[in-house]
Amino acid sequence: MGVEIAITVAREETRVAVLDNGVVTDLFGDRAKHKDFVGNIYKGRVAKVLPGMQAAFVDIGLEKAAFIHVSDLSMDAEPGDTLVDSDEDDKDSDDLRPRRESSKPIEQLLSEGQELMVQISKGPIGTKGPRVTSYVSLPGRYLVFMPNVEHIGVSRRIARDEERSRLKEIMKRVRHPGCGYIVRTVSEGVKEDELRSDVDFLHVLWQDIREKRDQQPAPALLHTDLSLSFRVVRDLFGKKVDRLWIDSREEYEAVRDFVQRFSPEQTSRIHFYDKDEPLFDHLGVEQEMARALSRKVWLKSGGHLVIDHTEAMTVIDVNTGRFVGKRDQEETILRNNLEAAKEVAYQVKLRGIGGIIIVDFIDMEREKNRDKVYHALVDAMASDKARTRISRISDLGLVEISRERVREDLLRSLSEPCRYCDGRGYTKSPTTVAYEIFREIRRIGGDTEPQRIILGAHPAVADLLQDEERQGLEALERECKAKVIVMSDDQLHLEQYDLAVV
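Residues numbered from 1 in each chain as written. Predicted model: local features only at pLDDT ≥ 70, side-chain atom pairs only at ≥ 80, totals over all residues. Heavy atoms only, no water.

**Points about helix α2 (residues 161-174)**
Thought 1: Compared with the 20 Å implied by 1.5 Å per residue over 14 residues, the 20 Å span of α2 between its first and last C-alpha is a close match.
Thought 2: Taken as a whole, α2 has its buried residues at E163, R164, L167, I170, M171 and V174. Viewed along the axis of α2, the buried residues span an arc of 130°, placing them on a single side of the element. Away from the buried face of α2 by more than 90 degrees, exposed residues D161, E162 and K172 are located.
Thought 3: On its buried face, α2 sits against β10 (143-146), β11 (152-154), β12 (180-183) and α3 (192-215). (Helix = DSSP H or I, 4+ residues; strand = E, 2+ residues; numbered from the N terminus. Expected span 1.5 Å × (residues − 1). Buried < 20%, exposed > 50% of the residue type's maximum accessible area, 1.4 Å probe, protein only. Arc of directions from axis to C-beta. Contact = heavy atoms within 4.5 Å.)

Here is the structure:
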């Protein structure tokens, strides 16, 4: 099967899946009502400076103010400063953000009302606004252009030293003085003319952005990155991709024309999907997306993962489930944990989970087995483009993973907290609610000695009061010298009830 990219386009959203031998490895989505802002460049105005955090909020015209840390400010850097060591260049990532420790505190660099050109490095996540940087980078087909940094780097995924040296020598000849460039993986084997063309195009684009900055008042959008389909083609559609499927005729023609301009030999691998069965159904992507939203993920052996999201972290619990093994218990646990380690890495990358992740593996007595599981997890996470740190397995079987938040995770972007339970994941039992009602009636009865009380409750609670708790309700009526009339109301939440004294 090889590597395939599938793009399905609808009026309301565009979705992209990357598959490796039929296994979904990446999912991306862009909805018409909720555009992806990462890569956009704005002229903003400083709204508030926070010396205690060495950060500031910048109004860029979006619903929420953007956040910038002093380490993302290039204002105290002279043009042409080398801010990144040439050996630290990459994982071939478009979101490469060169940084250096500022020599001045942020209150000396920014003031409220000051105008500033920034680029979104991380989109809004949950209740937080976007994160921005003043180190602008513009991705092209072969290069990432960094106008604030004098630096030439080559993707580490280009392994041959001769090719890396060749590309660096070319870039020294074609570069614009004082500017920086990262040579991307797709540049392997390309000619000097193609790199020079990319340099010239990106330089013209940068000049246009600067002109808009000088002409427009803040806040203003100065540059928008390509649409999702074209970003995927630019960033992912390389020589290792066997097929690119698109189910929209219009998008298919546009992408073919786009590819024809810079890499005509690749157009033969772009295919229009015109079957009746939806593209994502045909490739099994919809099923995998449903699995990526599930709290419980089954393993082939019969064990399973339970993935829970909290405000501060994501917790993944490993269970043996139906897997009982064939030999001793330690071997059974080891096999389950080894399989779970691979699935944990897969789910974390597929779901885009970031921040602190705690994995609770099944306890293992032998140190060598814990090492096997740890190395299996590290190996499985090695292909992850997001920066990660993985701690060794503790005596309690816990592993802590710190993973860079590259984008909003699937659960947040495709779902919302349950309106019924308000995101708690549980509700009070009907019995608990019934006893709360008893206590409330006692308060009312003790105050006014009413003749009648009208009770409106959820059907489950009303049925309980008229059946299992009927004797308790009658005893309460005698105690309070009142008649309680129970009325079922299916419009009420399970935990809600209305009491009226008549």
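**Some thoughts on the packing of aromatic side chains**
Thought 1: Counting across every chain of the model gives six aromatic pairs.
Thought 2: The ring of F272 has R249 lying over it, and the distance from NZ or CZ to the ring centre is 4.1 Å. (Phe/Tyr/Trp six-rings, centres within 6.5 Å; stacked < 30°, edge-to-face > 60°. Lys NZ or Arg CZ within 6 Å of the ring centre and 35° of its normal.)

**As for unusual backbone geometry**
Thought 1: The linkage connecting A218 with the following residue, P219, adopts the cis geometry, with an omega of -5°.
Thought 2: Within the secondary structure, P219 sits in the loop between α3 and β13 (220-223).
Thought 3: For N21, which is not a glycine, the phi torsion comes out positive at approximately 55°.
Thought 4: Following the sequence through the fold, N21 ends up in the loop between β2 (13-20) and β3 (23-31).
Thought 5: You can call N21 exposed: its relative accessible area is 51%.
Thought 6: Even without a glycine there, the phi angle at K481 is positive, about 55°.
Thought 7: Assignment of secondary structure puts K481 in the loop between α13 (470-480) and β23 (483-488).

**Considering the side chain of R141**
Thought 1: Turning to its location among the elements, R141 is positioned in the loop between β9 (138-139) and β10.
Thought 2: Although R141 is buried, it makes no salt bridge; D235 carries the closest opposite charge, 6.8 Å away.
Thought 3: At 3.3 Å, the side chain of R141 and the backbone oxygen of V233 are in polar contact.
Thought 4: Setting aside residues no more than four positions away along its own chain, R141 makes contact with R184, V186, D198, V233, R234, F237, F262 and Q266. (Lys, Arg positive; Asp, Glu negative; His and termini not counted. Salt bridge = Lys/Arg side-chain N within 4 Å of Asp/Glu carboxyl O. Polar contact = N/O pair within 3.5 Å; in protein donor to acceptor, adjacent residues only side chain to side chain.)

**Here's the deal with the pairing of β10**
Thought 1: Judged by which residues are buried, β10 turns out to be covered on both faces: L143 and F145 on one side and V144 and M146 on the other are all buried.
Thought 2: Across two bridges, the pairing between β9 and β10 is antiparallel. Directly across from P139, in β10, lies its bridge partner V144.
Thought 3: Adjacent in sequence and paired antiparallel, β9 and β10 are bridged by three residues.
Thought 4: Note that β10 and β12 share four bridges and pair antiparallel. Across the sheet, M146 pairs through a bridge with G180, a residue of β12. (Pairing = 2+ DSSP bridges.)

**Quick look at the pattern of salt bridges**
Thought 1: On inspection of all chains with the given rule, the structure shows 33 salt bridges.
Thought 2: Put simply, D308 and R295 hold a salt bridge, and the shortest N to O gap is 2.6 Å. Pair noted here: D308 is in strand β17 (residues 304-309) and R295 is in the loop between α7 (285-292) and β16 (296-298), with a separation of 13 residues, a long-range link.
Thought 3: Residue D308 is classed as partly exposed on the basis of its relative accessible area of 30%.
Thought 4: Each of R160, E162, E163 and R166 takes part in one network of salt bridges that share partners.

**Let's talk about the packing of α2 against α3**
Thought 1: Running from N to C, α2 and α3 point in directions that differ by 50°, and their axes come no closer than 10 Å. When the axes of α2 and α3 are compared, the pair comes out oblique. Considering how the two elements wind past one another, α2 and α3 form a crossing that is right-handed. On α3, the residues touching L167, I170, M171, R173 and V174 of α2 are E192, L195, R196 and V199. (Axes fitted to C-alpha atoms, helices over the stretch in contact; angles between N-to-C directions. Parallel < 35°, antiparallel > 145°, perpendicular 65-115°, else oblique. Left-handed = near helix turned anticlockwise from the far one by under 90°.)

In short, geometric facts, not functional conclusions.
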